[in-house]
Amino acid sequence: MNSDKMKNLYYLILCLLILNACGSQNQDSKKLQEEVKTYLEEYNKKFQELLIASSEAQWKLNTMIRENDSITGKKATEAGEEFAKFTGSKENIEKAKTYLASKNDLSDLQVRQLETILFMAGGNPEIAGDVVKERIKAETEQTGLLYGFKYMMNEKELSTNELDDILKNSADLEKRLSAWKTSKEVGKTLKNGLEKLRNLRNKSVQALDYSDYFAYQAAEYGMSDVEVVEECDKMIKDVWPLYRELHTWARYELAKKYNKDVPDYLPAHWLPNRWGQDWTAMVNVEGIDLDEALKSKSAEWVVEQGEYFYKSLGFDALPKSFYEKSSLYPLPPGTDYKKNNHASAWHIDNDKDVRSLMSVEPNTEWWGTVLHELGHIYYYMTYSNNDVPIILRGGANRAYHEAMGSLIGLAAMQKPFLQEFGLVAKNVQSNDTMNMLKEALDFVVHIPWGAGVMTHFEHDLYTGNIKKDAFNKTWWEYVKKFQGIVPPEERGEQYCDAATKTHINDDAAQYYDYSMSNVLLFQFHDHIAKNILKQDPHNTNYLGSKETGDFLRKLMYPGASVDWRQHLKDNLGSEMSAKPMLEYFEPLLVYLKNLNKGRTYTLPETL
């Protein structure tokens, strides 16, 4: 046989061997994919079953709080333990790790589910032993203490809504001080629990090689704890020139209101919010008085109109069970139990059972809150589809969820939208600059609070392991630095003012979600206003826009089954950026600079 024939035969044999190997490899790959498919189907089914039990128990714990009721808490703890036991089991951790070792042979959706399984295990790893069980018990106890607390002012029990009302409306500084101090008393009862929770949360995630609980939460974004803090600092830097103007304006405005000398820093009880995170009550926009328009309406009307808005965009009606199972209104006087007064949206089963916990009243705040919470509900409903597995039915990232709610909260307060609902007269003359100022006192003011105070405190708490006797000192140092706010009197370490904020206790180490959501929502709103509605972003009306509904559904539909950065680029053509937010408020920045001419600035030009 000549050499050419020998070469041809050699190549033929080689090709046959390669084809045979590829065929064998494809068979192995298909076999692995089928094995993973079966595992994931079983996991999702069991996950949903345990999720329902845990969610129902937590729902009761938050909607029916009775003094000395240990049974409800015990049941919530037991259901939480069962859920944690499954998601953090050694078997699931080992299987996920084993399958991910061959991730190149799996589909993208399978890989994302396995990575999610491993992430969820990080919060409840069985290999951490009794730590997870202790943590769940401690979280339940902390919830009971927080929401079962009696706020006593002048020997009279007040609800948090009543305390908030004083801070929003009273011009009596003594009364305001009393209300503010009363709102902080609960922190004393939570301080030891917060230290305990910090230690247990850190220990539980360290079992799966996370350095601490803050780093664990950051990992869900595909970021390190350092990257999250850097991103937060960048957001603050971007809005700081405007916040500095707002801070200067507020000092002079409130000093005039209370007939006091202009302070260098804002006394906390001067502001219309317990934490200084929202200053919108400082401004009444002429021609737009929603409280006056809504006082003749019922709380039920407010919720029904919220649903009507989403239906006008082309979304489905809320399921009947939403109204049957939600807790939407304040408890009637004389009710022998309390409930969590913090508005929230619940996805009980990651499928059709959606609920909301609110205390709706017909006023401006609840108008915006209802539309915000329904934004979460419709996000739940939209990504509960056959293309998204149960465990991936969440926001593209956590901030996406808040952005959806806050986006509609912004749209719900714009004049053309309110006119469409008949809450503002068609021919009303309003001060658009004041309306923009009111918006900034919400969305801009929130960033130094959320990305600054909350994020840096929790980073120090979990990553820095600050000692309990430094909690309050650390907290107020950040409040002064980022918000320019100081306590009305000395706040010693017997207090724990950080723990008066619900998220510090039961939604830990992820408050930066809200700040990121404020940036994202302006990106979404800018796109809708300019590219869909062809309207001025300051004066939009989303009502009835099916194209806007289509855009929102496109954002919502895939849930967490996609990479959030790529999803943003695909739908907006850009990465996360504060540029649209800064453009939106540029006219206000110019206005405030002129208004503040000759005034003393006490915040630095840059942080």
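Residues numbered from 1 in each chain as written. Predicted model: local features only at pLDDT ≥ 70, side-chain atom pairs only at ≥ 80, totals over all residues. Heavy atoms only, no water.

## Quick word on the pairing of strand β5 (residues 354–357)
Reasoning step 1: Along β5, one buried face is formed by Val-354 and Ser-356 and the opposite face, lined by Arg-355 and Leu-357, is buried too.
Reasoning step 2: By the bridge criterion, four bridges tie strand β4 (residues 344–347) to β5 in an arrangement that is antiparallel. Bridging from a neighbouring strand, His-347 pairs with Val-354 of β5. (Buried < 20%, exposed > 50% of the residue type's maximum accessible area, 1.4 Å probe, protein only. Helix = DSSP H or I, 4+ residues; strand = E, 2+ residues; numbered from the N terminus. Pairing = 2+ DSSP bridges.)

## Brief notes about the nonpolar core
Reasoning step 1: Grouped together as the largest cluster of nonpolar side chains are 153 residues, with contacts concentrated most on Leu-246, Trp-279, Phe-309, Trp-367, Phe-524 and Phe-585.
Reasoning step 2: Residue contributions to this core peak at 15 residues, all from helix α10 (residues 225–258).
Reasoning step 3: Excluding anything up to four places from it in sequence, Phe-524 contacts Tyr-400, Ala-403, Met-404, Leu-407, Phe-551, Leu-555, Leu-568 and Leu-572.
Reasoning step 4: Counting 22 residues, the second-largest nonpolar core is a separate cluster that includes Val-36, Leu-51, Leu-100 and Val-388. (Core = buried A, V, L, I, M, F, W, Y, C linked by side-chain atoms within 4.5 Å. Contact = heavy atoms within 4.5 Å.)

## Some remarks on the pairing of β4
Reasoning step 1: Side chains Ser-344 and Trp-346 project from β4 onto one buried face, and the interleaved Ala-345 and His-347 project onto a second face that is buried too.
Reasoning step 2: Where β4 folds back onto β5 in an antiparallel hairpin, the turn is made up of six residues, including Asn-350, whose phi is positive at roughly 55 degrees.

## Some details on the side chain of Asp-349
Reasoning step 1: Positionally, Asp-349 belongs in the loop between β4 and β5.
Reasoning step 2: Among buried Asp, Glu, Lys and Arg side chains, Asp-349 stands out as unpaired, with Arg-393 the closest opposite charge at 7.1 Å.
Reasoning step 3: Here Lys-352 takes part through its backbone nitrogen, which lies 3.4 Å from a polar atom of the side chain of Asp-349.
Reasoning step 4: Among all residues touching Asp-349, those that are not within four sequence positions of it are Gln-48, Leu-51, Ile-52 and Ile-390. (Lys, Arg positive; Asp, Glu negative; His and termini not counted. Salt bridge = Lys/Arg side-chain N within 4 Å of Asp/Glu carboxyl O. Polar contact = N/O pair within 3.5 Å; in protein donor to acceptor, adjacent residues only side chain to side chain.)

## What about the packing of helix α14 (residues 364–383) against helix α15 (residues 398–411)?
Reasoning step 1: Between α14 and α15, the shortest axis-to-axis distance is 7 Å and the interhelical angle comes to 135 degrees. Here α14 is positioned oblique relative to α15, judged by the angle of their axes. When the axes of α14 and α15 are compared, the crossing they make is right-handed. Between α14 and α15, the residues in contact are Gly-368, Leu-371, His-372, Gly-375, His-376, Tyr-379, Tyr-380 and Tyr-383 and Tyr-400, His-401, Glu-402, Met-404, Gly-405, Ser-406, Ile-408 and Gly-409, respectively. (Axes fitted to C-alpha atoms, helices over the stretch in contact; angles between N-to-C directions. Parallel < 35°, antiparallel > 145°, perpendicular 65-115°, else oblique. Left-handed = near helix turned anticlockwise from the far one by under 90°.)

## Some words on helix α8 (residues 186–206)
Side chains that are three or four residues apart share a direction in an α-helix, a result of its 3.6 residues per turn.
Reasoning step 1: The terminal C-alpha atoms of α8 lie 30 Å apart, and with 21 residues this matches the ideal 30 Å at 1.5 Å per residue to within 8%.
Reasoning step 2: When the local axis directions of α8 are compared, the greatest deviation, roughly 35 degrees, occurs at Asn-192. (Expected span 1.5 Å × (residues − 1). Bend = angle between axes of the 7 residues up to and from the residue.)

## Quick look at the side chain of Asp-513
Reasoning step 1: Within the secondary structure layout, Asp-513 lies in helix α21 (residues 512–533).
Reasoning step 2: Side chain to side chain, Asp-513 and Tyr-221 meet in a polar contact 2.7 Å long.
Reasoning step 3: Asp-513 has contacts with Tyr-221, Arg-398 and Ala-399, leaving out every residue within four places of it along the chain.

## Considering the packing of aromatic side chains
Reasoning step 1: Counted under the stated rule, the structure contains 41 aromatic pairs.
Reasoning step 2: When the centroid spacing of 6.3 Å and the interplanar angle of 70 degrees are considered together, the rings of Tyr-380 and Tyr-383 count as edge-to-face. Taken as a pair, Tyr-380 and Tyr-383 lie in helix α14 at a separation of three residues, close to a single helical turn. The pair Tyr-380 / Tyr-383 is uniform in exposure class, with both members buried.
Reasoning step 3: On the numbers, 5.0 Å between centres and 55 degrees between planes, the contact of Phe-417 with Phe-421 is tilted. This pair shows no difference in class: Phe-417 is buried, exactly as Phe-421 is.
Reasoning step 4: Members of the aromatic cluster, each reached through a chain of ring pairs, are Trp-301, Tyr-308, Phe-309, Tyr-310, Phe-315, Trp-367, Tyr-378, Phe-417 and Phe-421.
Reasoning step 5: Over the ring of Trp-301 we find Lys-297, and its NZ or CZ is 4.7 Å from the ring centre. (Phe/Tyr/Trp six-rings, centres within 6.5 Å; stacked < 30°, edge-to-face > 60°. Lys NZ or Arg CZ within 6 Å of the ring centre and 35° of its normal.)

Function cannot be inferred from these measures alone, as they are strictly geometric.
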